[in-house]
Amino acid sequence: MKALVALILLVQLPIHKAVPAAPPAPLGCDDPESEAAAEAAVNYINGHSHHGYKFALNRIEDIRVVPQGPNKDIIFLELDLLETKCPILSPTPLANCTVRSFAEHAVEGDCDVKLQKVDGTLSVIASKCHSHADSSEDILKVCPDCPLLARMNDTEVLETVSAALNDYNSKTTDSYLRLLEIGRAKIQYHPGHVVVTEFAVGATNCSAEEAKANVGACQLLPEDQSNFGFCTAVMVKAPSQDLQVDCQLYGHQPGVTYTHPGQDTSAGLAPSAVGVTNHNLGIFHNNPVASESSSSEILRSMLSAKPVAKRAVAEAAQHDKVPRPVGFVPPPPPCPGRIRHFDI
Ligand SMILES: *[C@@H]1O[C@H](CO)[C@@H](O)[C@H](O)[C@H]1NC(C)=O
Ligand SMILES: *[C@@H]1O[C@H](CO)[C@@H](O)[C@H](O)[C@H]1NC(C)=O
Ligand SMILES: *[C@@H]1O[C@H](CO)[C@@H](O)[C@H](O)[C@H]1NC(C)=O
């Protein structure tokens, strides 16, 4: 592998040398150019994610630009994202989505994204993300009474979702709703025993009345009529008993589809969601439109980009040895960039 990377570098170096431009100043993580690339990356990631919630940018960790020729760059981004309250199927634009607070048990996403910029136009070639909920210890330190994320296959969570959906369907005069997936759930034990769940739903071709006769025949509406929505349900189990359900349907959104993760989603559990507290953003996306390369090629080029960046840093460090006039304020370190929401 090392030999292969070295070989790629050897092959690539003369090409880089042939570009007559002066070495560009390294891009800082908070530069407008970096932010534009990050925005394109985040939009791409949300556009290719099928479960859970939309993610928003929290911080640009690192950026590396590898010139490929005149007006052509490859850009490698490392991004920290945070889960928002907007379900992935929601039509709300990301800019209007609230990031979930730290105390609500935040979920962080880490992404590596490769983009190309040709004549000023950015396109994502590949992205690799994974996400994880903040540790319980972190939250309990700040908020000892905050309920934590529960596993989505928890018996009480499944029970609450099913009771909530039955309750909604027994009262609605509109379409009978089917569960698509559980988004997140929390169980509180003090002062009362409360189960809070959020789940995505889809309208079926049955009225609630028709569903009573034969629920098995009720199918999600076909793609050209699909109507998705989202429910929150709060079940109080002690000291008293109570169930509150609130569902909102988005209306038909052309082009928006729900990808079934497996054969049986009747329980609202994607196979990847069994036993975990949050949906993983962990899919490796390869943009078939922009990509001329296989995923292994991307990994190789990510590896081979590092030495280039290191060399740039080393050169910059040497320049710093030049004596500076008195009163010189060194610029802030270019990366990582500013935190937009909170540190996790
Ligand atoms: C998003 O926010 C902007 C600015 O606050 C507002 O004008 C717009 O109506 C909002 N859009 C949605 C879909 O909520
Ligand atoms: C819903 O669609 C299914 C499959 O196409 C069909 O068998 C069923 O009769 C439909 N139900 C209603 C109420 O139209
Ligand atoms: C949830 O899934 C995990 C992992 O598959 C399993 O160990 C656990 O027993 C499941 N919990 C319930 C309540 O089914």
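An unreviewed UniProt entry annotates the protein chain as Alpha 2-HS glycoprotein originating from Serinus canaria. In the Subcellular location (unreviewed entry) part of its UniProt record, the protein chain is described as follows: "Secreted".

### Quick notes on the overall build of the protein chain
Counting its regular elements, the protein chain contains six helices and ten strands. A separation threshold of at least 6 residues defines the contact pool for the protein chain, and within that pool the share at least 24 residues apart is 72%. When the accessible surface of the protein chain is split by element, carbon and sulfur atoms take 57% of a total near 18200 Å².

### Observations concerning the pattern of salt bridges
Evaluation of the coordinates by the stated rule reveals 14 salt bridges. Put simply, Arg340 and Glu35 hold a salt bridge, and the shortest N to O gap is 3.0 Å. A residue pair is termed long-range when its members are at least 10 positions apart, and Arg340 in the segment after helix H6 (295–319) and Glu35 in helix H2 (residues 32–47) qualify at 305 residues. On the basis of relative accessible area, Glu35 is assigned to the partly exposed category, the value being 26%.

### As for the site of ligand 2
Close to ligand 2 lie Asn205, Glu210, Ala217 and Gln219. In isolation ligand 2 offers 360 Å² of accessible surface; the protein chains occlude 42% of this area. Each residue belonging to the shell around ligand 2 can be placed in one class, and the counts come to one nonpolar, two polar and one charged.

### Quick notes on H2
The end-to-end C-alpha separation of H2 is 22 Å, in line with the 22 Å expected for 16 residues at 1.5 Å each. Where H2 is concerned, the buried positions are Ser34, Ala37, Ala38, Ala41, Val42, Tyr44, Ile45 and Asn46.

### Digging into the sheet that holds strand S5 (residues 148–149)
Strand order in the open sheet made by the five strands is S5-S6-S7-S8-S9, with antiparallel pairing throughout. A strand with exactly one partner marks an edge of an open sheet, and here the two such strands are S5 and strand S9 (242–251). Across ten bridges, the pairing between strand S7 (residues 193–207) and strand S8 (residues 228–238) is antiparallel. Directly across from Val194, in S8, lies its bridge partner Val236. Docked against the sheet, helix H4 (residues 155–171) engages strand S6 (175–188), S7, S8 and S9, running at close to 145° with respect to S6.

### Description of the state of the cysteines
Here the structure, examined in full by the defined rule, presents six disulfides. Paired through a disulfide, Cys29 and Cys335 show a sulfur-sulfur distance of 2.0 Å. Judged by the torsion about the S-S bond (100°), the Cys29/Cys335 disulfide is right-handed. Placement of Cys29 in the loop between helix H1 (2–18) and H2 and of Cys335 in the segment after H6 is noted, with a sequence separation of 306 residues between them. In this structure Cys29 comes out as buried when scored by relative accessible area, which is 0%. The disulfide partner of Cys231 is Cys247, and the S-S distance across this bridge is 2.1 Å. Handedness of the Cys231-Cys247 disulfide follows from its S-S torsion of about 105°: it is right-handed.

### Side note on unusual backbone geometry
The omega torsion of the bond from His190 to Pro191 falls at 0°, within 30 degrees of zero and hence cis. The residue Pro191 is located in the loop between S6 and S7 in this model. Residue Pro336 is reached from Cys335 by a cis peptide bond, and omega for that bond is -10°. The backbone of His105 shows a phi angle near 70°, a positive value even though the residue is not glycine. Tracing the chain through its elements places His105 in the loop between strand S2 (72–87) and strand S3 (107–118). At Asp119, a residue that is not glycine, the phi angle is positive and equals roughly 50°. Tracing the sequence through the fold places Asp119 in the loop between S3 and strand S4 (121–133).

### Re the pairing of S4
Bridge count between S3 and S4: twelve bridges; the pairing is antiparallel. Bridge pairing links Glu108 to His132 in S4. Between S3 and S4, which pair antiparallel and follow one another directly, the connecting turn spans two residues, one of which, Asp119, has a positive phi of 50°.

### What to know about the packing of aromatic side chains
If you walk through the whole model with that rule in mind, you get two aromatic pairs. Arranged with centres 6.0 Å apart and planes meeting at 80°, the rings of Tyr53 and Phe230 form a pair that is edge-to-face. Here the residue Tyr53 occupies a position in strand S1 (residues 53–69), and Phe230 occupies one in strand S8, the gap between them amounting to 177 residues. Each ring, one from Phe102 and one from Phe342, has its centre 6.0 Å from the other, and the planes form 85°; the classification is edge-to-face. In this pair, Phe102 sits in the loop between S2 and S3 while Phe342 sits in the segment after H6, placing the two residues 240 residues apart along the sequence.

About the thresholds
Residues numbered from 1 in each chain as written. Chains lettered and ligands numbered in written order. Predicted model: local features only at pLDDT ≥ 70, side-chain atom pairs only at ≥ 80, totals over all residues. Heavy atoms only, no water. UniProt positions renumbered as here; feature names shortened; annotations may be inferred. Helix = DSSP H or I, 4+ residues; strand = E, 2+ residues; numbered from the N terminus. Contact = heavy atoms within 4.5 Å. Areas by Shrake-Rupley, 256 points an atom, 1.4 Å probe, with all protein chains shown as cover. Salt bridge = Lys/Arg side-chain N within 4 Å of Asp/Glu carboxyl O. Buried < 20%, exposed > 50% of the residue type's maximum accessible area, 1.4 Å probe, protein only. Near = heavy atom within 4 Å. Nonpolar A, V, L, I, M, F, W, Y, C, P; charged D, E, K, R; others polar. Expected span 1.5 Å × (residues − 1). Pairing = 2+ DSSP bridges. Axes fitted to C-alpha atoms, helices over the stretch in contact; angles between N-to-C directions. Disulfide = S-S within 2.5 Å. Phe/Tyr/Trp six-rings, centres within 6.5 Å; stacked < 30°, edge-to-face > 60°.

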